[in-house]
Amino acid sequence: MKLIVQIPCYNEEATLAATVADIPRAIDGIEAVEVLIVDDGSTDRTVEIARAAGVDHIIRNTANRGLAPSFARGLQACLERGADIIVNTDGDNQYDGACIRDLVRPVVEGRADVVVGDRQTAQIAHFSPLKKWLQRTGSALVRSLSGVDVADAVSGFRAYSRDAAIATNVMSPFSYTIETLIQAGASGMVVLSVPVRTRHRTRPSRLFNSIPHFLSRQFVTLIRAYVMYRSLRFFSAIGAVFVVIGALPVIRFLILFALGAGDGKLQSLFLGGVLILAGVLSFVAALLADAIAMNRRLLEANLTAARRLTLESRADVAERGATSEAEASGKSDGATVATVRLAGRG
């Protein structure tokens, strides 16, 4: 079983060497541990440091594409290199590499498809009370919407089984963390959380400029992903709200009309009618969106199957190439032996 630890990097020359050195190269149940970095258009010595640190694979983006696209490219690169388990970590040495053993254990034992590292933010000293509250609230919201039980929804320290990585599709240009959890829940993957250790922050986040900026981007990502995978529930909820609110003025009008005081109250009837109509249209939109979502699930299933076939085909080609090379080498050795024997007879 092969584990590849992928590290999306952007200008990480100061911390990358320590991050790579921290990765354990011997783990129970794992035959080989390799390291892959995705250099996201760094302008410093990140690639040079990676080579000096003994990184096994280096993937380079010609320009800075962002965290989510780099994460997705790293998954594909790890799969192409035969990874059975993929661990994603950050290049800033925030996470304790020794915890990779804890991350991969549920996957090795077949108990989980995805494992998310819980930073236990309530115990992190440099997190402000506001940030701790936001993390708790946001993770609770993601648990509710995704249907997966994770304690730290935005943690980037994760382990994926090969099958889970093949089935993961990242559409967000910002961050993959929330979108992939909602996708995992919709796909019926088993997602577990394990506690992990973190270090003091080594640098400010490059993913966002401020907490309001982070919240706004994550909220958009959350809504987009939820609508994409839970469209029927989303639009039906909106429709139900419109119908309930619209029913109140209509009921008010009907009561007043029955009491003989309905004159001049047509505004209530009109307002209620408009709101109920909006609710009905939302229900129609829910049905249409659900049909689109079903089509998307079929497309994703086809994409997953095509990706699996492509990876298997590449593996077969590589295996045949290795076999042919070994056979050629064996024939060459045999010819050499025969030549030596003939020379000896002569």
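The rules behind each value
Residue numbers restart at each chain and count upward from 1, following the sequence in its written direction. With pLDDT at 70 or above as the cut-off, local features in this predicted model cover only qualifying residues; side-chain atom pairs require 80 or more to be listed or tallied, and sums for whole chains, interfaces and linings still use all residues. Processing note: side-chain calculations cover all non-hydrogen atoms of the structure and skip hydrogens and water entirely. The helix count covers DSSP runs of H or I at least four residues long, the strand count covers runs of E at least two residues long, and both are numbered beginning at the N terminus. The classification of residues rests on relative accessible area computed with a 1.4 Å probe and restricted to protein chains. Under 20% of the type maximum is buried, over 50% is exposed, and intermediate values are partly exposed. The contact rule is simple, with two residues in contact once any of their heavy atoms fall within 4.5 Å. Residue types Ala, Val, Leu, Ile, Met, Phe, Trp, Tyr and Cys, when buried and joined through side-chain atoms within 4.5 Å, form a set referred to as a nonpolar core. In this analysis, rings of Phe, Tyr and Trp, with Trp reduced to its six-membered ring, are considered paired at centre separations within 6.5 Å, and the interplanar angle assigns stacked below 30 degrees, edge-to-face beyond 60, and tilted for intermediate values. Comment: arc refers to directions from the helix axis out to C-beta atoms.

### A look at the side chain of T46
No. 1: Looking at where T46 falls in the secondary structure, it is placed in helix α2 (residues 46-52).
No. 2: The class for T46 is buried, based on a relative accessible area of 0%.
No. 3: The residues touching T46, leaving out its near neighbours within four places in the chain, are C9, N11, E12, E13, L16, I37 and D39.

### Focus on helix α7 (residues 177-186)
No. 1: When you tally the buried positions in α7, you get nine out of ten residues, the bulk of the element.
No. 2: Within two residues after α7, G188 carries a phi angle of roughly 80°, on the positive side.

### What about the nonpolar core?
No. 1: Formed by 38 residues in total, the largest nonpolar core has its most connected members in L36, I86, V114, V150, L181, I182 and V191.
No. 2: Among the elements of the structure, β2 (32-40), α3 (67-80), β5 (114-118), α5 (129-146), α6 (162-166), α7 and α8 (211-229) are those that each provide at least two residues to this core.
No. 3: With six residues, α3 is the largest single contributor of residues to this core.
No. 4: Excluding residues within four positions of it along the chain, V191 makes contact with V114, V116, V148, D149, V150, L181 and A184.

### Focus: the packing of aromatic side chains
No. 1: Inspection of the entire model under this criterion finds five aromatic pairs.
No. 2: Seen from their ring centres, Y95 and F157 are 4.7 Å apart, and the 15° between their planes marks the pair as stacked. On the criterion of sequence distance, the pair formed by Y95 in the loop between β4 (85-88) and α4 (100-108) and F157 in the loop between α5 and β6 (158-161) is long-range, its members being 62 residues apart.
No. 3: In this structure Y95 comes out as buried when scored by relative accessible area, which is 4%.

### Here we look at α4
No. 1: Within the span of α4, buried status applies to I100, L103, V104, P106 and V107. For α4, the arc enclosing every buried residue in end-on projection is 150°, short of the 170-degree limit, so these residues lie on one face.
No. 2: Once α4 ends, the next one or two residues include G110, with phi positive near 75°.

This is a description of form; function is not addressed.
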